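# Summary of structural features
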Amino acid sequence: MALNKATFETINPSRFIAFTFPNPQNPTSRLRIAVLDSPGRPADPPRVAAMFVPDRRESDWIFSTESGHLQLLLNSPRISRLILAGNQPGGDSRPSMEIYRRHPVENDMSYRNDLEVSLNPLFLALSPKSCFEHGIPEIPILSYEDNVISSVVLGTFVGSLVGEMLVEDVEIENKKCSEREFRRRLRFKRMPNLVQTEVRIVPKMGFGSDCGGIGEVELFRPDVGVLVHPYLSPMVASLGLISGHIEERFCGGFMPRALCLGVGGGALLAFLRTQLGFEVLGVEEDEEVLKVGREFFGLEECEFLKVFVGDAMEFVEKVALCARGENASSLNGFDMDGVGGEFDVIMVDLDSCDAENGVCAPPLAFRRKRVLLAARSILFDKGILAINVVPRNSAIYETMKHDFREIFSELYEIDVGNGENFVLIAMATPRTPSISDSDYSFISKLRGVISGAFMDSIKKI
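Sequence order as written defines the numbering, with residues in each chain counted from 1. Where totals are concerned, whole chains, interfaces and linings use all residues; where local detail is concerned, this predicted model gives features only for residues with pLDDT of at least 70, and gives and counts side-chain atom pairs only at 80 or more. With hydrogens and water set aside, each side-chain value is computed from the structure's full complement of heavy atoms.

On to the packing of aromatic side chains, then. Centres within 6.5 Å make a pair out of two Phe, Tyr or Trp rings, where for Trp the six-membered ring is used; the pair is then stacked when the planes are under 30 degrees apart, edge-to-face when over 60, and tilted otherwise. A full pass over the atoms with the stated rule returns 10 aromatic pairs. Geometrically, the ring pair formed by phenylalanine 182 and phenylalanine 220 is tilted, given 5.1 Å between the ring centres and 55 degrees between the ring planes. Separated by 38 residues along the polypeptide, phenylalanine 182 in strand 9 (residues 181–188) and phenylalanine 220 in strand 11 (residues 220–223) bring together distant segments of the chain. In terms of burial, phenylalanine 182 and phenylalanine 220 fall into one category: buried. Connected via pairs of aromatic rings, a cluster forms that spans Phe250, Phe278 and Phe442. Secondary structure elements are taken from DSSP: a helix is a run of H or I of four residues or more, a strand is a run of E of two residues or more, and numbering for both begins at the N terminus. Only protein chains enter the accessibility calculation, which uses a 1.4 Å probe; a residue whose area is less than 20% of its type maximum is buried, one above 50% is exposed, and one in between is partly exposed.

Structural data, given as structure tokens:
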């Protein structure tokens, strides 16, 4: 069916249209053209921009789905309509299992320049009439850049709650050194631009660093002793606030206990267990996510690392009820055997996200008074609650801090420094360190496995 040019004469918020178009640079192939109007109120006059899909990444969810397209648009301020142009991907638009390798920019420049000139009339035809009130508009060509040198999808999976997800190995640029650096990533189709879990992978014993490349999964293993996801090290750095309490636990012959709400691939849980010697309990709502964590990300359950399947907020409330000796039968689905009593730290990595509104963490439900009271009741008096926060705006963040101040004695904050995440740390009782933090051996251990800069940047708010 032929497209009607009048269809594109006005901005229709959230409208998404994709079609194929003859490739002017290659008559035997066709381009996929995708047009998305911003869900927000358009500027006056509206601004239109175009973007070329990187070669051989056409089937990546970032570029082949409406949700990926929307995130690209939302990351381009004041753009009312974004036009994507790229080679036509495979029939089912699933992420390709072939290895992607980035072309040197100079190899594509001439082709892209010629394609831009050839497609400019199409971009103008797809622009609203109001763009022409002061003459022929200029359609800027946006570029997509990331640090991926090469990548390959290891598998796609479907969770009952999170939907479609994929595991991929990537080689990334390391500007600090010349060594090759490999990562394994978990991504969800509902938010394809977001990396849900990321771990470093290294060659298995017996293979050198030049043993192979991306895609040879059997030659690599996850390195659970390093945290590479931006906000995980700051979350662990929060333990520096209670170093004296942790030290006392170890000296008394007790293993500190961590409750992790939200597991994903399990990078945080494995790190707390293997590097800091914590007993760790995790709660994850989607069992398929846990299966992926076990198979690809080094999540190994044992006597001191257990994972429960279910809603994290319900879990916290049930633990609180059981700790008080009350009947928790109204909260079904959890086998509480081995949960025990209080925790030294509760780490919350839960998000609420959709393509249109983006990521927000933690979910609104976690800020309910009864959930915060339950969390406070299962912490030791010197325990802390550390939360990964991605606020949609500053007003929401201020309201969140107000909610926490009503329940907890003190609040601290770490700015992750990526423009998105903060770590909010709530203390059950006021902090009263008896000696310098540097005198605790736990602090030395902590600084040995994560950047001390995050501990130094903790501020009371």
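Locating aspartate 223 in the fold gives a position in strand 11. The definition of a polar contact used here is a pair of N or O atoms within 3.5 Å, where within protein one atom must be able to donate a hydrogen and the other to accept one, and adjacent residues in sequence count solely through side-chain atom pairs. A polar contact is formed between the side chain of aspartate 223 and the backbone nitrogen of glycine 225, at a distance of 3.1 Å. It only takes one pair of heavy atoms within 4.5 Å for two residues to be counted as in contact. Setting aside its immediate chain neighbours within four residues, aspartate 223 contacts Arg200, Ile201 and Val202.

On to the nonpolar core, then. Counting residues in each nonpolar core, the largest one holds 54 residues, and the members touching the most others are Val236, Leu239, Leu272, Leu276, Phe278 and Met347. Top element by residues in this core is helix 6 (residues 267–276). It accounts for six residues. Once residues within four sequence positions are removed from consideration, leucine 239 is found in contact with Leu272, Leu276, Phe278, Val345, Met347, Ile384, Phe442 and Leu446. Counting residues in each nonpolar core, the second largest holds 34 residues, with Leu259, Phe315, Leu372 and Ile378 among its members. Within this scheme, the nonpolar core is defined by two criteria: the residues are buried Ala, Val, Leu, Ile, Met, Phe, Trp, Tyr or Cys, and they are joined through side-chain atoms within 4.5 Å.

Another aspect to go through is the pattern of salt bridges. The salt bridge criterion pairs a side-chain nitrogen of Lys or Arg with a carboxyl oxygen of Asp or Glu, the two atoms within 4 Å. Within the structure shown, the criterion is met by 24 salt bridges. Between glutamate 279 and arginine 257 there is a salt bridge whose closest N-O contact spans 3.2 Å. With glutamate 279 in strand 13 (residues 279–284) and arginine 257 in strand 12 (residues 257–261), the pair connects residues that are 22 residues apart, well separated along the chain. Across the salt bridge formed by arginine 294 and glutamate 301, the nearest N and O atoms sit 2.5 Å from each other. A relative accessible area of 36% means that arginine 294 is categorised as partly exposed. The exposure class of glutamate 301 is partly exposed, given its relative accessible area of 37%. One connected set of salt bridges, linked through shared partners, spans Arg57, Asp60, Asp146, Glu168 and Arg187.

This next bit is on the packing of helix 6 against helix 11 (residues 441–449). Two elements in contact, helix 6 and helix 11, have axes whose closest approach is 11 Å; the angle formed by their N-to-C orientations is 125 degrees. In terms of their interaxial angle, helix 6 and helix 11 are classed as oblique. In this structure, the crossing between helix 6 and helix 11 has a hand that is right-handed. Counted together, Phe271, Gln275 and Leu276 of helix 6 and Phe442, Lys445, Leu446 and Val449 of helix 11 form the full contact between these two elements. Ten residues, namely Ala, Val, Leu, Ile, Met, Phe, Trp, Tyr, Cys and Pro, are considered nonpolar, four, namely Asp, Glu, Lys and Arg, are considered charged, and the remaining ones, Gly among them, are considered polar. Residue classes in the contact of helix 6 with helix 11 are distributed as five nonpolar, one polar and one charged. The convention used is that axes are lines fitted to C-alpha atoms, helices contributing only their stretch in contact, and that angles between N-to-C directions extend from 0 to 180 degrees. Every angle not falling under 35 degrees, over 145, or within 65 to 115 is termed oblique; those three ranges are roughly parallel, roughly antiparallel and roughly perpendicular. The hand of a helix crossing depends on one turn: near helix anticlockwise from the far one by less than a right angle means left-handed, and clockwise means right-handed.

Pairing between strands requires that DSSP locate at least two bridges from one strand to the other. With mixed pairing, eight strands are arranged side by side in an open sheet as 14-13-12-15-18-20-19-21. The strands lining the two open edges of the sheet, one partner per strand, are strand 14 (305–309) and strand 21 (459–460). Where strand 18 (residues 379–389) and strand 20 (residues 422–427) come together, six bridges link them in antiparallel fashion. The partner of leucine 385 across the bridge, within strand 20, is alanine 426. Contacts between helix 6 and the sheet are confined to strand 12, strand 13, strand 14 and strand 15 (343–348), with strand 13 contributing the most and set at about 170 degrees to the helix.

Attention shifts here to the pairing of strand 4 (residues 81–87). Summarising burial for strand 4: six of the seven residues are buried, a large majority. Where strand 2 (residues 30–37) and strand 4 come together, seven bridges link them in antiparallel fashion. If you follow leucine 36 over to strand 4, its bridge partner there is leucine 82. Across five bridges, the pairing between strand 3 (residues 48–52) and strand 4 is parallel. Within strand 4, the residue paired with alanine 50 across the bridge is isoleucine 83.

Our focus in this paragraph is the environment of arginine 78. Inspection of the secondary structure puts arginine 78 in the loop between helix 2 (66–74) and strand 4. Take arginine 78: its relative accessible area is 64%, and that puts it in the exposed class. Taking the C-alpha atoms as reference, arginine 78 lies 9.2 Å from valine 48; in sequence the two are 30 residues apart.

This next bit is on the packing of helix 5 (residues 243–251) against helix 11. Running from N to C, helix 5 and helix 11 point in directions that differ by 110 degrees, and their axes come no closer than 8 Å. Comparing the axis directions of helix 5 and helix 11 gives the class roughly perpendicular. Two secondary-structure elements touch here, helix 5 through Ser243, Ile246, Glu247 and Phe250 and helix 11 through Ser441, Phe442 and Ile443.

So far we have only geometry, and geometry alone does not tell us how the molecule works.
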